[in-house]
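# Descriptive analysis of the structure
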Amino acid sequence: NSKVIQTPRYLVKGQGQKAKMRCIPEKGHPVVFWYQQNKNNEFKFLINFQNQEVLQQIDMTEKRFSAECPSNSPCSLEIQSSEAGDSALYLCASSPQASNERLFFGHGTKLSVL
Amino acid sequence: AQSVTQPDARVTVSEGASLQLRCKYSYSGTPYLFWYVQYPRQGLQLLLKYYSGDPVVQGVNGFEAEFSKSNSSFHLRKASVHWSDSAVYFCVLSASMGYKLTFGTGTSLLVDP
């Protein structure tokens, strides 16, 4: 069973609405990744953090997407103005070190934008 | 740029039969390669990984994979499948440790009981 906790499991939003999802990484894991998995099983890397600092992110993330991993609080990924194309499974993964030698994935948040 | 191709979207095998799931990658350097499995309504789980050394790596639940630099491949194998192996299997590449992962589009495995 995954020890990376993602909430909510399901999220339904209308176009233009904000969508926010959270991730609690496994205890002691300072590195967190966010990936988007669409219905065709295409994965898109969004952003990763080490502690509270952003390591890498894609351009898409800089526009409508925002993410943070504050200390002593869950990490979060927020879409400011949801679009139909954002409908996907959003996966959070954590790692005990900066290398991705082993990532531990959560169950994901399935976002449906109507 | 790197890419991963899993040519078989769906594979069906009978329980007890052997299995090979194919994976081809494209990357100019030395890749770090992984196989992950995604069971229904569960997160991705790591089966095995390859960094260097012996091209045949062992994983969990009897899975193994063989790296071939000449063929740019990293095929997954299992000698005898069980119905509980039914899941989606993803071949994954990383250009370097700590770098983002590049996923294949997965192979959905169905094991007939």
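Residues numbered from 1 in each chain as written. Chains lettered and ligands numbered in written order. Predicted model: local features only at pLDDT ≥ 70, side-chain atom pairs only at ≥ 80, totals over all residues. Heavy atoms only, no water.

### Concerning the overall build of chain B
Looking only at helices and strands, chain B features 0 helices and 12 strands. Beginning at the N terminus, the succession of helices and strands in chain B can be written as β-β-β-β-β-β-β-β-β-β-β-β. Here the C-alpha radius of gyration of chain B, 13 Å, is about what a compact globule of 113 residues would show, namely 13 Å. When its C-alpha atoms are laid out on the principal axes, chain B stretches across 40 × 30 × 20 Å. For chain B, the share of sequence-separated contacts (at least 6 apart) that also reach a separation of at least 24 residues comes to 55%. Accessible surface computed for chain B: about 5,200 Å², of which carbon and sulfur atoms make up 48%. If you average the places of the 9 positive and of the 7 negative side-chain charges in chain B, the two averages end up 10 Å apart. (Helix = DSSP H or I, 4+ residues; strand = E, 2+ residues; numbered from the N terminus. Rg over C-alpha atoms; globule rule 2.2 N^0.38 Å. Contact = heavy atoms within 4.5 Å. Areas by Shrake-Rupley, 256 points an atom, 1.4 Å probe, with all protein chains shown as cover. Lys, Arg positive; Asp, Glu negative; His and termini not counted. Charge placed at Lys NZ, Arg CZ, Asp CG, Glu CD.)

### As for the pattern of salt bridges
Proximity of charged atoms lets side chains of opposite charge pair with each other. Residue and element names in this part refer to chain B. Considering all chains together, one arrives at 6 salt bridges over all chains under this definition. A salt bridge links Arg77 to Glu66; the shortest N-O distance between them is 2.8 Å. Taken together, the residues span a long stretch of sequence, with Arg77 in strand 9 (residues 73–78) and Glu66 in strand 8 (residues 64–68) at a distance of 11 residues. Owing to a relative accessible area of 24%, Arg77 belongs among the partly exposed residues under this scheme. (Salt bridge = Lys/Arg side-chain N within 4 Å of Asp/Glu carboxyl O. Buried < 20%, exposed > 50% of the residue type's maximum accessible area, 1.4 Å probe, protein only.)

### Remarks on unusual backbone geometry
Look at the link from Thr7 of chain A to Pro8 of chain A: it is a cis peptide, with omega at -10°. With respect to the element layout, Pro8 of chain A can be found in the loop between strand 1 (5–7) and strand 2 (10–13). The residue Asn51 of chain A is not glycine, and still its phi comes out positive at about 55°. By the element assignment, Asn51 of chain A lies in the loop between strand 5 (43–50) and strand 6 (53–57). Phi at Asn61 of chain B is positive, roughly 55°, even though this residue is not glycine. By the secondary structure assignment, Asn61 of chain B is in the loop between strand 7 (56–58) and strand 8.

### Some details on the sheet that holds strand 7 (residues 65–68) of chain A
Residues and elements named next belong to chain A. Strands sit in the order 1-3-8-7 across an open sheet of 4 strands; the sheet is antiparallel. Each having just a single partner strand, strand 1 and strand 7 make up the two edges of the open sheet. Here the average twist between neighbouring strands, direction ignored, is 15°. Looking at chain direction, strand 3 (residues 19–24) and strand 8 (residues 75–79) are connected through 5 bridges and run antiparallel. (Pairing = 2+ DSSP bridges. Axes fitted to C-alpha atoms, helices over the stretch in contact; angles between N-to-C directions.)

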